[in-house]
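# Working through the structure, step by step
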Amino acid sequence: MDKMVYTTSQLAEMAKVSSRTLRYYDKVGLLSPSDYSESGYRLYTDEDFPRLQHILVLKFLGFSLAEIKAFLHNGPGGAKAGNIFNGAERAAFTGRPGNFGRNEKVLGGLQPPARRAKTGDL
């Protein structure tokens with residue numbers, strides 16, 4: 001089965017962001033397209049959407065794009081939600097002002113189900 005392919009504007013509409021935002025994320029290395037058309041247009045697949053969602057959630061929670069980029073590029077599997085918050089990053093996030101104590105709950109939701117079961121956060 002072929003993968004669904006989306007243009008910049010289609011992915012932007014799905015994620016409720018502007019096309020300009022996606023072009024900027026590509027420019028700064030946060031979200032690169034999976035491919036380019038023969039005409040040079042950016043093309044995204046369903047596999048790009050979860051990464052965009054992670055970026056948007058972290059941005060909403062107050063992280064800078066530089067911090068998000070560092071989290072997502074933190075080694076192999078760094079873009080997986082369960083690997084984003086470990087050690088110092090988790091401590092920095094949970095103590096971040098302005099997040100109204102919701103941070104631990106958000107982190108629990110970002111962990112893979114197997115990890116939540118181990119920590120009793122189901």
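Attention here is on the structure that accompanies the text. (Residues numbered from 1 in each chain as written. Predicted model: local features only at pLDDT ≥ 70, side-chain atom pairs only at ≥ 80, totals over all residues. Heavy atoms only, no water.)

### Side note on the pattern of salt bridges
The following threshold applies: Here a salt bridge means any side-chain nitrogen of Lys or Arg lying within 4 Å of a carboxyl oxygen belonging to Asp or Glu. We count a stretch as a helix when DSSP gives it H or I for four or more residues in a row; a strand needs E for two or more, and each element gets its number in order from the N terminus. Here's how the labels work: a residue is buried when its accessible area is under 20% of the maximum for its type, exposed when over 50%, partly exposed in between, all with a 1.4 Å probe on protein chains only.
One pass over the structure, following the stated rule, counts two salt bridges. Residues Lys3 and Glu47 are paired through a salt bridge, measuring 3.2 Å at the closest nitrogen-oxygen approach. With Lys3 in the segment before strand E1 (5-7) and Glu47 in the loop between strand E3 (42-45) and helix H3 (48-60), this residue pair connects regions lying 44 residues apart in the sequence. For the residue pair Lys3 and Glu47, the accessibility class agrees, reading exposed in each case.

### Quick look at the environment of Arg20
Inspection of the secondary structure assignment puts Arg20 in helix H2 (residues 19-27). Of the residues examined, Arg20 reaches a relative accessible area of 65% and is grouped as exposed. As a C-alpha pair, Arg20 and Ser9 span 11 residues in sequence and 9.0 Å in three-dimensional space.

### Remarks on the packing of H3 against helix H4 (residues 65-72)
Keep this limit in mind: Helix axes use the C-alpha atoms of the stretch in contact, all axes being lines fitted to C-alpha atoms, and the angles between their N-to-C directions lie in the range 0 to 180 degrees. Any angle between 65 and 115 degrees counts as roughly perpendicular, while under 35 counts as roughly parallel, over 145 as roughly antiparallel, and the rest as oblique. Here a crossing is called left-handed whenever its near helix is offset anticlockwise from the far helix by less than a right angle, and right-handed whenever the offset is clockwise. Here, two residues are considered to be in contact whenever any of their heavy atoms come within 4.5 Å of each other. Each residue is assigned to one class: nonpolar for Ala, Val, Leu, Ile, Met, Phe, Trp, Tyr, Cys and Pro, charged for Asp, Glu, Lys and Arg, and polar for all the others, Gly among them.
For the pair H3 and H4, the least separation of the axes is 10 Å and the interaxial angle reads 135 degrees. Accordingly, the angle class assigned to the pair H3 and H4 is oblique. The two elements H3 and H4 meet at a crossing, and its hand is right-handed. Touching Arg51, Ile55, Leu58 and Lys59 of H3 are Leu65, Ile68, Phe71 and Leu72, all from H4. A per-class count over the contact of H3 with H4 returns six nonpolar, no polar and two charged.

### With respect to unusual backbone geometry
Of note, Lys16 is a non-glycine position whose phi angle comes to about 60 degrees, a positive value. Looking at the element boundaries, Lys16 is found in the loop between helix H1 (8-15) and H2. Residue Lys16 is classed as exposed on the basis of its relative accessible area, which comes to 73%.

### Regarding the pairing of E3
We count it as follows: Two strands qualify as a pair provided that DSSP identifies no fewer than 2 bridges between them.
The pairing of E1 with E3 spans three bridges and is classified as antiparallel. Within E3, the position partnered with Tyr6 by the bridge is Tyr44. Relative to E3, strand E2 (residues 35-36) runs antiparallel, the two being bridged by two bridges. For Tyr36, the partnering residue across the bridge sits in E3 and is Arg42. Counting the residues that bridge the hairpin from E2 to E3 gives five residues, and of these Gly40 lies at a positive phi of roughly 95 degrees.

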